[in-house]
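Summary of structural features
If you want the building blocks of each chain, they are given just below.
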Amino acid sequence: NKIDLLQSKLDLNEWRGFFKDYNVRGQLAYASLVGLSPAGQKIIMDMVLGCELFVAAHEYSHAMMNHQQPDLVASEVEKEADKWGIRIASIICAGEGIMMTLMIAGIAIFFSAIQTSDPSHYLPADERILFVIKSLEIDDPKKEQNLLDISFLMQEVYADIINME
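Notes on the structure in this doc start here. (Residues numbered from 1 in each chain as written. Predicted model: local features only at pLDDT ≥ 70, side-chain atom pairs only at ≥ 80, totals over all residues. Heavy atoms only, no water.)

Some thoughts on helix 7 (residues 141-162)
The end-to-end C-alpha distance of helix 7 is 32 Å, a good match for the 32 Å that 22 residues give at a rise of 1.5 Å each. Every buried residue of helix 7 is listed here: E144, L147, L148, S151, M154, Q155, Y158 and I161. Projected down its long axis, helix 7 carries its buried residues within an arc of 165 degrees, all on one side. In helix 7, the exposed residues that point more than 90 degrees away from the buried face are P141, K142 and E156. Capping the start of helix 7 is the job of one residue whose side-chain oxygen sits 3.0 Å from the backbone nitrogen of K142: D140. (Helix = DSSP H or I, 4+ residues; strand = E, 2+ residues; numbered from the N terminus. Expected span 1.5 Å × (residues − 1). Buried < 20%, exposed > 50% of the residue type's maximum accessible area, 1.4 Å probe, protein only. Arc of directions from axis to C-beta. Polar contact = N/O pair within 3.5 Å; in protein donor to acceptor, adjacent residues only side chain to side chain.)

Given below as structure tokens:
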């Protein structure tokens, strides 16, 4: 039973709290690190920072590509901002020592949270994260598959946790 498991394991309970704070409550930057091991804290910080860098790069892409024009197709504008946002964020994350896997995990949770609160967004969360990963144009199929696997796993964990209550 998932509820018993989460209540019986302190560390799992802390991770549950993290997922709830990580945009379920709109507190992306304020996810609690209290009670997590140093390794758990590092993972969370890298997921959050990687996601925040993607969000900033996505918005930067809108500005640089002059997406404020009223005659543009909204879904195409969002795709273009996602494509360039992930490319910019991946360069910054590499320079900051943030693993691509953790950045993608954070973004996957973020997309799931958006879908939960705004289901009318241009793509469902699972399709959007697939588009973002494909936009990286990774030459190594195994590395790309690892990113896809972690993103879908994180979206499933997110869904399980928010649907428990």
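So, the packing of helix 3 (residues 38-64) against helix 5 (residues 100-117)
Two packed helices can be described by the angle between their axes and the distance between those axes. Packing of helix 3 against helix 5 brings their axes to within 7 Å, and their N-to-C directions diverge by 70 degrees. In this view, helix 3 runs roughly perpendicular relative to helix 5, as classed from their interaxial angle. Here helix 3 and helix 5 pass one another in a crossing that is right-handed. Two secondary-structure elements touch here, helix 3 through I43, D46, M47, G50, C51, F54 and V55 and helix 5 through L102, M103, A105, G106, I107, I109, F110 and F111. Residue classes in the contact of helix 3 with helix 5 are distributed as twelve nonpolar, two polar and one charged. (Axes fitted to C-alpha atoms, helices over the stretch in contact; angles between N-to-C directions. Parallel < 35°, antiparallel > 145°, perpendicular 65-115°, else oblique. Left-handed = near helix turned anticlockwise from the far one by under 90°. Contact = heavy atoms within 4.5 Å. Nonpolar A, V, L, I, M, F, W, Y, C, P; charged D, E, K, R; others polar.)

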